[in-house]
Amino acid sequence: MPLVTSTELFNKAYEGKFAIGAFNVNNMEIIQGIVDAAKEEKSPLILQVSAGARKYASPVYLKKLVEAAVEDSNLPIVLHLDHGDSFEICKQCIDDGFTSVMIDASHHSFEENIAITKKVVEYAHAKGVVVEAELGRLAGVEDDVNVSEEDASYTNPEQAAEFVQKTGVDSLAIAIGTSHGAYKFKGEPKLDFARLEKISNLIPNFPLVLHGASTVLPEFVDLCNKYGADIPGAQGVPEDMLKKASQLGVCKINIDTDLRLAMTAAIRKSIVENPNNFDPRKYLGDGRTAIKEMVRHKIVNVLGSNNFL
Ligand code: G3H
Ligand code: 13P
Ligand code: ZN
């Protein structure tokens, strides 16, 4: 099976009130861990590549690794650009064979966001590629951009409906209180579900996307800290909130930080517990296994995308 777009996957997810996991990938072990879990749980996947990942691994390596994942698994896999910040990077990825791109022009004015998104949609659709855009701004750190809480803004429901209608975009990332990274809330976690419901009602049968959706499970933070890290007070989105979001039109849930924590904890543990080992296959292999178990947990207990095939 070749790479797929997310159109069919989102139709089924919307209908079935579950979500497809969009996992950030940066190297072979991460891709293999994710794909092994999805294979065993019979789940489709969105593998997403950020500008930082392209810089780290070089675009051609990631593309070839994802092609290997498709060949090895025979799963429906979407290759998606995460947070493309210009028409040019979206065009490059579309020309490179990505089946989905995100144009994130959320830092521009509403009108400019519409204009840039529309340009990407026209180019992408002519090549059979789907487009995600973002309206509203999440707080947190992505690449070199750090959006403070004061600069973050929730998505306006009426604007969201107008945006979708004017751009022809295929899915929309919304801001309802999540943020990127391991520090999402000061105090109690809280998402604006009333806003989500309003957006969903104004744009029926349309897939919404939740960024910044890692849960930051305490056991992984504790494990990192136990083996020499120092990440106090990390806090993510509770799993029941993610499940509730997928009942309300959220079809794509983005997860990166949880993979980073799982892999880092496992590698730290492996190195500390095997002081005489200097074969990278041992600790990278342990990191890969941790990714697999984290993704399995997400697919089965949070996303509900298992037994899809
Ligand atoms: O939302 C951003 C993702 O966590 C990717 O992070 O840009 O550091 O690769 P990155
Ligand atoms: P997390 O930092 O919560 O994993 O979010 C990842 C993300 O939104 C990637 O686009
Ligand atoms: Zn994101």
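Our structure's up above, just so we're on the same page.
Here the structure is a predicted model, which is why all the values come from computation and not from measurement.

A. Local environment of the pattern of salt bridges. Counted under the stated rule, the structure contains 19 salt bridges. Between lysine 166 and glutamate 162 there is a salt bridge; the shortest N-O distance is 2.7 Å. In this pair, lysine 166 and glutamate 162 are both assigned in helix 7 (residues 157–167), four residues apart and thus about one turn of the helix distant. What makes lysine 166 partly exposed here is its relative accessible area of 40%. We note a salt bridge from aspartate 286 to lysine 282, for which the minimum N-O separation is 2.8 Å. On the criterion of helical spacing, the pair formed by aspartate 286 and lysine 282 is a turn pair, its members being four residues apart in helix 12 (residues 280–303).

B. Up close: the layout of surface pockets. Empty space within the second largest pocket amounts to approximately 190 Å³. Asn24, Asn26, Asn27, Ile30, Tyr56, Asp256, Leu259, Arg260, Met263, Thr264 and Ile267 are the residues that line the second largest pocket. The greatest single-element share of the lining of the second largest pocket, amounting to five residues, is contributed by helix 11 (residues 257–273). Taken together, the residues of the lining of the second largest pocket break down into five nonpolar, four polar and two charged.

C. Molecular detail of the coordination of the zinc ion (ligand 3). Note on the zinc ion (ligand 3): its protein donors are His83 (NE2), His180 (NE2) and His211 (ND1). The metal-donor distances range over 2.1 Å. Of note, the zinc ion (ligand 3) draws all its donor residues from one chain, in the sequence arrangement H-x96-H-x30-H. Taken together, the positions of histidine 83 in strand 3 (residues 77–84) and histidine 211 in the loop between strand 9 (208–210) and helix 9 (218–226) put the pair 128 residues apart, joining distant regions of the chain.

D. Structural view of helix 1 (residues 7–16). Along helix 1, the residues classified as buried are Leu9, Phe10 and Ala13. With its buried residues spanning 95 degrees around the axis, helix 1 presents them on a single face. Summarising the geometry of helix 1, the exposed residues directed more than 90 degrees from the buried face are Glu8 and Glu15. On its buried face, helix 1 sits against strand 1 (20–24), strand 2 (45–49), strand 3, strand 8 (171–174) and strand 10 (250–255). One or two residues past the end of helix 1 sits lysine 17, with phi positive at roughly 55 degrees.

E. Summary view of empty space enclosed by the protein. The final tally for this structure, using the stated rule, is two cavities of 30 Å³ or more. When its volume is computed, the largest cavity comes out at roughly 50 Å³. If you trace the largest cavity, you find it lined by Ser6, Phe10, Ile46, His80, Ser100, Val130, Val131, Glu132, Asp170, Ser171 and Lys252. No other element matches the three residues that strand 5 (residues 130–135) contributes to the lining of the largest cavity. Residue composition of the lining of the largest cavity, by class: four nonpolar, four polar and three charged. Here the second largest cavity defines a volume of roughly 40 Å³. Lining the second largest cavity, in full, are Val49, Arg54, Pro59, Leu62, Lys63, Leu79 and Phe98.

F. Main features of the nonpolar core. Counting residues in each nonpolar core, the largest one holds 88 residues, and the members touching the most others are Ile34, Leu45, Leu47, Ile77, Leu172, Leu196 and Leu259. Residue contacts for leucine 259: discarding those within four places in its chain leaves Phe23, Asn24, Ile30, Ile34, Ile291, Met294 and Val295. Core analysis: the second largest hydrophobic core is formed by ten residues, Ala13, Phe18, Val78 and Phe308 among them.

Rules used in this analysis
Residues numbered from 1 in each chain as written. Chains lettered and ligands numbered in written order. Predicted model: local features only at pLDDT ≥ 70, side-chain atom pairs only at ≥ 80, totals over all residues. Heavy atoms only, no water. Salt bridge = Lys/Arg side-chain N within 4 Å of Asp/Glu carboxyl O. Helix = DSSP H or I, 4+ residues; strand = E, 2+ residues; numbered from the N terminus. Buried < 20%, exposed > 50% of the residue type's maximum accessible area, 1.4 Å probe, protein only. 1 Å grid on protein atoms, 1.4 Å probe; cavity = no way out; pocket = protein on both sides within 12 Å on 5 of 7 lines; lining within 4 Å. Points joined across faces, edges and corners; volume = space filled by probe spheres on them. Nonpolar A, V, L, I, M, F, W, Y, C, P; charged D, E, K, R; others polar. Donors = N, O, S within 2.8 Å, 3.2 Å for Na, K, Ca; no water. Arc of directions from axis to C-beta. Contact = heavy atoms within 4.5 Å. Core = buried A, V, L, I, M, F, W, Y, C linked by side-chain atoms within 4.5 Å.

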